[in-house]
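Topology and contacts: notes
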Amino acid sequence: MKTDYQIAVLPGDGIGREVMTAADHILDATQARIGVKFHLNYLPAGAQHYLESGVALPDSTLTACDRADAILFGAMGLPHVRGADGTEIIPQLDLRFHFDLYAGVRPIRTFQGLHTPLASPKASEIDLVLVRESTEGLFYARGRGETRPDGVYDTMQITHKGTRRICEFAFKLAEQRALKRNRQARVTNVDKANVFASMALWRSIFEDVASKYPKVSADSAYVDAMALNLVMKPWTYDVLVTENMFGDILSDLIAALVGGMGMAPSADLGDKHGLFQPAHGTAPDIAGEGKANPTAMLLSTGMMLEWLGHRHADARLIDAAAMIDEAVEHVFASGQVRPFEFGGGHGTVEITRAVIAAMKAKG
Ligand code: ATP
C-alpha cells in the first residue's frame, strides 16, 4: 500500500497563505495518526509572485503540480495587481484549463451551532453540492475578448463533449451521495435554455444523460429562477449542475446561505488531476489580521484526502477525511469556537487548534 503522498501546495496571496497554514497543521496531525506521510511541496504562484517576478504561474510550479498526487491551493489575486488588459491575475483559472479540471465541486451544508442568514428552521437541513463546469462556458472568452468599434464581444462556448462529461459527473456524484445519505438521488440542471441556443444544446445533452440514470431524479430550472429558489428553499436541492459563469455566481450565493465564504470548500477535478481549495478569494479586507475562517480550507483538505483515498484504494485516507469533517462539526456544535464571520472572536489559529484537538480527543 502507498505510504507517501506528494502534495503540491500553492498558498498564493492574502488569506490564502493564512488558511494554508491550517491545512499544513491538520495534515501533520493526520499523518501521524494514520501512518502515511504527506510530502508538502510549497510552490510559488499568484499576484504577489507576479509583482516580484513578472510571472504569475511559473512553469516549474506547473511541472511540480503535474507530478504531485494532488494540488492544495489557497487563494490568488490582489485587486491592485492587474495584467495589461485590466483583468486580475488569476492563475487558478489557468490551472483549471491547463490540467483540464472540468468539474468544480462545491458542497455546502449548515453546521449545528452556527446560524444561517435564513430565518426558516428548514435552513438547518441545507446539504447540497453545486457542480460547476470549469473549462468552457462564458469563461472560454477569457483572454479572447474581441474588440470591435462598438465595444467588446465575449463568446460563450458549450461543446457536446464538455457538457456530456460534466452532466455524467453530476449524476455519478448524486448516486454516491444518495448511497452515503440513504436517500433518493437528485440532479437539478441550471441553465438559460429559453434564451440561448448554446444553453438549449446544454439542456438537450443534460436530458439525454439523465435518461441513462433512471434511478436518479432529474429536473431543470432557469438560472434566474434558481437564484430565487436557492434563497427560498435551498434545503430541497441535492446536486446542481451548471455552466461555468452561472456556477461562479451561484457558488458565492450558496456559501452565503450557510454563513459565509469561510464555510465553503471546493474541489476542481479532472480525469487525472485534483485541485482542492476554499471557494473564497484572498479577502484583502481581512488579510493579515488573523481573522480568516480556516473551515473552508480544512474541509477542502478533507475532500482531497477522500479523493486520494478513492484513487489509491486507501481506506485510511477516506477515514481521515471523515475524521476532519466530524471534528469541524464538533467544534461548532459544542460552541467551542465561533468564527469572526459569524460575529464571534475566533480566528484562523484558534479554530485550527480546536479542530485538531477534537480530532485527537476522538482517539
Ligand atoms: P474572488 O473573486 O477571488 O473569488 P471575492 O471577490 O469573491 O474573491 P473573497 O476574497 O472571497 O472575495 O471575499 C468576499 C468576502 O468574504 C470578503 O468580505 C471577505 O472578507 C470574506 N471572506 C472570504 N473568505 C473568508 C474567510 N475564510 N474567513 C472570513 N471571511 C472571509
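Residues numbered from 1 in each chain as written. Predicted model: local features only at pLDDT ≥ 70, side-chain atom pairs only at ≥ 80, totals over all residues. Heavy atoms only, no water.

Our focus in this paragraph is the packing of helix α5 (residues 160-181) against helix α6 (residues 197-211). Interhelical geometry of α5 versus α6 gives an angle of 45° and a closest axis separation of 9 Å. If you check the angle between α5 and α6, you find them oblique. Here the hand of the crossing between α5 and α6 comes out right-handed. Of α6, the residues touching α5 (which contributes H160, T163, R164, I166, C167, E168 and F171) are L201, W202, I205, F206, D208, V209 and A210. Of the residues contributing to the contact of α5 with α6, the split by class is nine nonpolar, two polar and three charged. (Axes fitted to C-alpha atoms, helices over the stretch in contact; angles between N-to-C directions. Helix = DSSP H or I, 4+ residues; strand = E, 2+ residues; numbered from the N terminus. Parallel < 35°, antiparallel > 145°, perpendicular 65-115°, else oblique. Left-handed = near helix turned anticlockwise from the far one by under 90°. Contact = heavy atoms within 4.5 Å. Nonpolar A, V, L, I, M, F, W, Y, C, P; charged D, E, K, R; others polar.)

Inspection of the entire model under this criterion finds five aromatic pairs. Ring geometry for Y5 and F38: centres 6.2 Å apart, planes at 45°, overall tilted. In this pair, Y5 is assigned in strand β1 (residues 4-12) and F38 in strand β2 (residues 37-42), connecting sequence segments 33 residues apart. Judged by centre distance (5.5 Å) and plane angle (35°), the rings of F171 and F206 are tilted. In this pair, F171 is assigned in helix α5 and F206 in helix α6, connecting sequence segments 35 residues apart. Following the ring pairs from residue to residue traces out a cluster consisting of F171, F206 and Y213. The aromatic ring of F139 is capped on one face by R132, whose charged end is 5.0 Å from the ring centroid. (Phe/Tyr/Trp six-rings, centres within 6.5 Å; stacked < 30°, edge-to-face > 60°. Lys NZ or Arg CZ within 6 Å of the ring centre and 35° of its normal.)

Time to look at the site of the ligand. Residues in contact with the ligand amount to 13 residues; listed here are only the nearest, H280, G281, A283, D285 and N293. Taking H280, its side chain carries an N or O atom lying 3.3 Å from a nitrogen atom of the ligand. A distance of 3.3 Å is found between an oxygen atom of the ligand and a backbone nitrogen or oxygen belonging to T282. Burial of the ligand by the protein amounts to 63% of the accessible area it has alone, namely 620 Å². By residue class, the composition of the shell around the ligand is five nonpolar, five polar and three charged. (Near = heavy atom within 4 Å. Polar contact = N/O pair within 3.5 Å; in protein donor to acceptor, adjacent residues only side chain to side chain. Areas by Shrake-Rupley, 256 points an atom, 1.4 Å probe, with all protein chains shown as cover.)

Residues P91, Q92, L93, L95 and R96 constitute the buried set of helix α4 (residues 91-98). In the stretch just after α4, D100 is the one whose phi turns positive, near 55°. (Buried < 20%, exposed > 50% of the residue type's maximum accessible area, 1.4 Å probe, protein only.)

Take the domain arrangement of the protein chain next. How large an interface is tends to be reported as the accessible area lost when its parts come together. When cut into domains, the protein chain gives domain 1 (1-102 + 266-363) and domain 2 (117-257). Placing the centre of domain 1 and that of domain 2 at their C-alpha centroids yields a distance of 24 Å. Contact with domain 1, which involves eleven residues of that partner, is made by eleven residues of domain 2. A combined buried area of about 1100 Å² lies between domain 1 and domain 2, and 53% of that area is made up of carbon and sulfur atoms. Taken together, the links from domain 1 to domain 2 amount to three salt bridges. D100 serves as the salt-bridge partner of R165, at 2.8 Å between the closest nitrogen and oxygen. Among the elements of the structure, α4 and β11 (265-269) are those that each provide at least two residues to the side of domain 1 that touches domain 2. In terms of residue count, the dominant contributor to the side of domain 1 that touches domain 2 is α4 (four residues). A breakdown of the residues in the side of domain 1 that touches domain 2 according to their chemical character gives six nonpolar, no polar and five charged. (Domains from an automatic or database assignment. Buried area = accessible area lost by both parts, 1.4 Å probe. Salt bridge = Lys/Arg side-chain N within 4 Å of Asp/Glu carboxyl O.)

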